[in-house]
Amino acid sequence: MVSKISEGVEISVETFYQADYSNPLNSEFMFAYRITIENHNNFTVQLLRRHWFIFDSNGEHREVEGEGVVGVQPVLNPGESYQYVSGCNLRTELGRMHGTYQMQNEYNKRLFSVNIPAFDMIVPAKMN
């Protein structure tokens, strides 16, 4: 698991290889990741947008951006956390993701960016 705090918001990421949804013979590798977002500020925040940078070990890279996460724009009061699970498909056995969330301070409506730490997606057999 990797974690990072920026702008008073902590982002933690855990990854899981999804063997049942992968097809190595066709260069299809599926990974799930669990994100936990914790608001350490003394004000309420809302996650408005996400921007992902996805790197495959074959040199391919993609960017994904859009509103919210998994169809919601969660609001976190001070001390609260929000957790969700999503997924990423790769063409190789290892890759990396990182990104940002655009958040809003609900008190003064100021927008700010929170960094999502880089995390690796590796087929377990490649760890040896």
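I will try to describe carefully the structure that is included in this document. Within each chain, residues carry numbers counting from 1 in the order of the written sequence. This being a predicted model, a pLDDT of at least 70 is required before a residue's local features are given, and a value of 80 or more before pairs of side-chain atoms are given or counted; all residues contribute to the totals for chains, interfaces and linings. The side-chain figures draw on all heavy atoms in the structure; neither hydrogens nor water molecules are used.

**Some remarks on the sheet that holds strand 3 (residues 29–39)**
Two strands make a pair as long as DSSP finds a minimum of two bridges between them. Helix and strand assignments follow DSSP, with helices taken as H or I runs no shorter than four residues and strands as E runs no shorter than two, numbered in order from the N terminus. With antiparallel pairing, the four strands of this open sheet are ordered in space as 1-2-3-7. Single-partner strands in this sheet number two, and they are strand 1 (2–6) and strand 7 (81–90). Within this sheet the neighbouring strands show an average axis-to-axis angle of 20°, counted without direction. Two strands pair when backbone bridges link them, and strand 1 and strand 2 (residues 9–17) are joined in this way by five bridges, in the antiparallel orientation. Following the sheet pairing, Ser-3 is matched in strand 2 by Ser-12. All axes are obtained by fitting lines to C-alpha atoms, using only the stretch in contact for helices, and the reported angles, taken between N-to-C directions, cover 0 to 180 degrees.

**Comments concerning the pairing of strand 3**
Here's how the labels work: a residue is buried when its accessible area is under 20% of the maximum for its type, exposed when over 50%, partly exposed in between, all with a 1.4 Å probe on protein chains only. Along strand 3, eight of the eleven residues are buried, which leaves the element largely enclosed by surrounding structure. Where strand 3 lies against strand 7, ten bridges are found, and the strand directions are antiparallel. Within strand 7, the residue paired with Phe-29 across the bridge is Leu-90.

**Notes on the pattern of salt bridges**
Each reported salt bridge corresponds to a side-chain nitrogen of Lys or Arg within 4 Å of a carboxyl oxygen of Asp or Glu. Scanning the entire structure with this criterion turns up four salt bridges. A salt bridge links Arg-34 to Glu-14, with the shortest nitrogen-to-oxygen separation between them at 2.8 Å. Residue Arg-34 is located in strand 3, and its partner Glu-14 is located in strand 2; the two are separated by 20 residues in the primary sequence.

**Structural notes on the nonpolar core**
Counting residues in each nonpolar core, the largest one holds 27 residues, and the members touching the most others are Ile-11, Tyr-33, Ile-35, Ile-37, Trp-52 and Tyr-101. When contributions to this core are tallied by element, the ones reaching two or more residues are strand 2, strand 3, strand 4 (45–56), strand 7, strand 8 (94–105) and strand 9 (111–122). Note on contacts: a residue pair qualifies if any of its non-hydrogen atoms lie within 4.5 Å across the two residues. Residues in contact with Ile-11, not counting those within four places in the same chain, are Val-2, Ser-3, Lys-4, Ile-35, Thr-36, Ile-37, Tyr-101, Val-114, Asn-115, Ile-116 and Pro-117. In this description, a nonpolar core means a group of buried Ala, Val, Leu, Ile, Met, Phe, Trp, Tyr and Cys residues linked to one another through side-chain atoms lying within 4.5 Å.

**Here we look at the side chain of His-51**
Its location among the elements puts His-51 in strand 4. Each polar contact in these results corresponds to two N or O atoms within 3.5 Å; when the atoms are within protein, one needs to be able to donate a hydrogen and the other to accept it, and residues that are neighboring in sequence are counted only if both atoms are side-chain atoms. A polar side-chain atom of His-51 sits 2.6 Å from a polar atom in the side chain of Glu-63. Apart from residues no more than four positions distant in its own chain, His-51 is found in contact with Glu-63, Val-64, Glu-65, His-98, Gly-99 and Thr-100.

**A look at the layout of surface pockets**
For cavity detection a 1 Å grid was placed over the protein atoms alone, and a set of points counts as a cavity when a 1.4 Å probe fits there but cannot get out; an open set counts as a pocket when protein lies on both sides within 12 Å along at least five of seven lines, with lining residues being those that have an atom within 4 Å of a point. Grid points are joined across faces, edges and corners, and a volume is the space filled by probe spheres set on the points. In this structure, the largest pocket occupies an estimated 160 Å³ of space. For the lining of the largest pocket, the elements supplying multiple residues, two or more each, are strand 4, strand 5 (61–67) and strand 7. Sorting elements by how many residues they give to the lining of the largest pocket places strand 7 first, with five residues. Residues are grouped as follows: Ala, Val, Leu, Ile, Met, Phe, Trp, Tyr, Cys and Pro are nonpolar; Asp, Glu, Lys and Arg are charged; every other residue, Gly included, is polar. When its residues are assigned to classes, the lining of the largest pocket shows nine nonpolar, three polar and two charged.

Distances and angles like these do not, on their own, reveal function.
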